[in-house]
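# Chains, contacts and geometry: an overview
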Amino acid sequence: MTLQQEIVGNAMQMAVVNLHPGQTVYCEAGKFLFKTTNVTMETRLSSPSGNGNGNGGGGGMGGMLRQAMGTAMQVGQRMLAGESLAFQYFTAQGGQGTVGFAGVLPGEMRALELDGTRAWFAEKDAFVAAESSVEFGIAFQGGRTGMSGGEGFVLEKFTGRGTVIIAGAGNFIDLNPADFGGRIEVDTGCVVAFEEGILYGVQRVGGLNRQGIMNAVFGGEGLSLATLEGNGRVILQSLTIESLANALKKAQGGDKQGPTGGLFSTHAG
């Protein structure tokens, strides 16, 4: 059953989801906005694939143990990734219901439709909500995937069939690397999501020479750029969390970035 949803708003968008009787949608803790009274809310430690809903999972004591271990692994992965430890589940009872969700930064939201053939990957904290037929997971990538940059990535992974709603900062732009010779290079903070089949990695900005050092120190990009290769959809955002944090610091008189940016910028936190 397709998730009926509408994304509303401009600078800070929201997703309004209409649920059929018995239909369930879940979100990351902290993304819930409002609901009608006939929609129940339940907090769980597992995503739908973990079956951690207290129903036993079958198989007697062995099944319960496997379920507990699976839930513990999911929670451990999300903890390592810095994600929320719990999900909130919303189910319409006795009629149609409505639930509202919002992101945490000023920017856009996007509803992605999964048909079961391709997974989607998203940057940490992009996930807002999804119907229960969509499975949420954590993908750890690094080393070879990071290519010459040698850096690791923690990505959200969505599989299955159904609708998943993601959010980012600023405005979105959709690209396909195949339209640009098969490869694009992006500021590491601008990647929101991409389809399975796209190779995501990092590379150093230039070599360890004079120009490479100038790029890293004065260019505002640091030492690395994200690389996206292949044929598939890529969603980028126009605003990075670091640039937003630095703008707020500057407005409050606490800007420590200085005129050079790059390696001399101060991360929020």
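Use the structure listed above.
Attention in this report is confined to the structure presented alongside it.

## Some points on the sheet that holds strand β2 (residues 14–19)
- Judged by pairing direction, the sheet is antiparallel, and its four strands sit side by side in the order β1-β2-β7-β4 without closing on themselves. Looking at the sheet topology across the chains shown, the edges are occupied by β1 (4–8) and β4 (32–35). Taken over all neighbouring pairs, the strand axes of this sheet differ in orientation by 20° on average, direction set aside.
- The sheet contact formed by β2 and strand β7 (residues 97–102) spans six bridges and is antiparallel.

## Observations concerning the packing of aromatic side chains
- The final tally for this structure, using the stated rule, is twelve aromatic pairs.
- A ring pair is formed by Tyr26 and Tyr89, whose centres lie 5.4 Å apart and whose planes are at 20°; its orientation type is stacked. Taken together, the positions of Tyr26 in strand β3 (residues 24–28) and Tyr89 in strand β6 (residues 87–92) put the pair 63 residues apart, joining distant regions of the chain.
- Consider the rings of Phe87 and Phe136, whose centres lie 5.2 Å apart with planes at 70°: the pair is edge-to-face. Of the two residues, Phe87 is situated in strand β6 and Phe136 in strand β11 (residues 134–141); the sequence distance between them amounts to 49 residues. An identical accessibility class is assigned to Phe87 and Phe136; each is buried.
- Joined through ring pairs, the aromatic side chains of Tyr26, Phe87, Tyr89, Phe127, Phe136 and Phe158 make up one cluster.
- Taking the ring centre of Tyr89 as reference, the NZ or CZ of Arg44 above it sits at 3.8 Å.

## Notes on the pattern of salt bridges
- For the structure on display, the rule yields eight salt bridges.
- Arg118 serves as the salt-bridge partner of Glu195, at 2.9 Å between the closest nitrogen and oxygen. Here Arg118 lies in the loop between β8 (109–115) and β9 (120–123) and Glu195 lies in strand β15 (residues 191–195), a separation of 77 residues in the sequence.
- Since its relative accessible area comes to 33%, Arg118 is described here as partly exposed.

Procedures and definitions
Residues numbered from 1 in each chain as written. Predicted model: local features only at pLDDT ≥ 70, side-chain atom pairs only at ≥ 80, totals over all residues. Heavy atoms only, no water. Pairing = 2+ DSSP bridges. Helix = DSSP H or I, 4+ residues; strand = E, 2+ residues; numbered from the N terminus. Axes fitted to C-alpha atoms, helices over the stretch in contact; angles between N-to-C directions. Phe/Tyr/Trp six-rings, centres within 6.5 Å; stacked < 30°, edge-to-face > 60°. Buried < 20%, exposed > 50% of the residue type's maximum accessible area, 1.4 Å probe, protein only. Lys NZ or Arg CZ within 6 Å of the ring centre and 35° of its normal. Salt bridge = Lys/Arg side-chain N within 4 Å of Asp/Glu carboxyl O.

Geometric descriptors of this kind do not, in isolation, establish any biological role.
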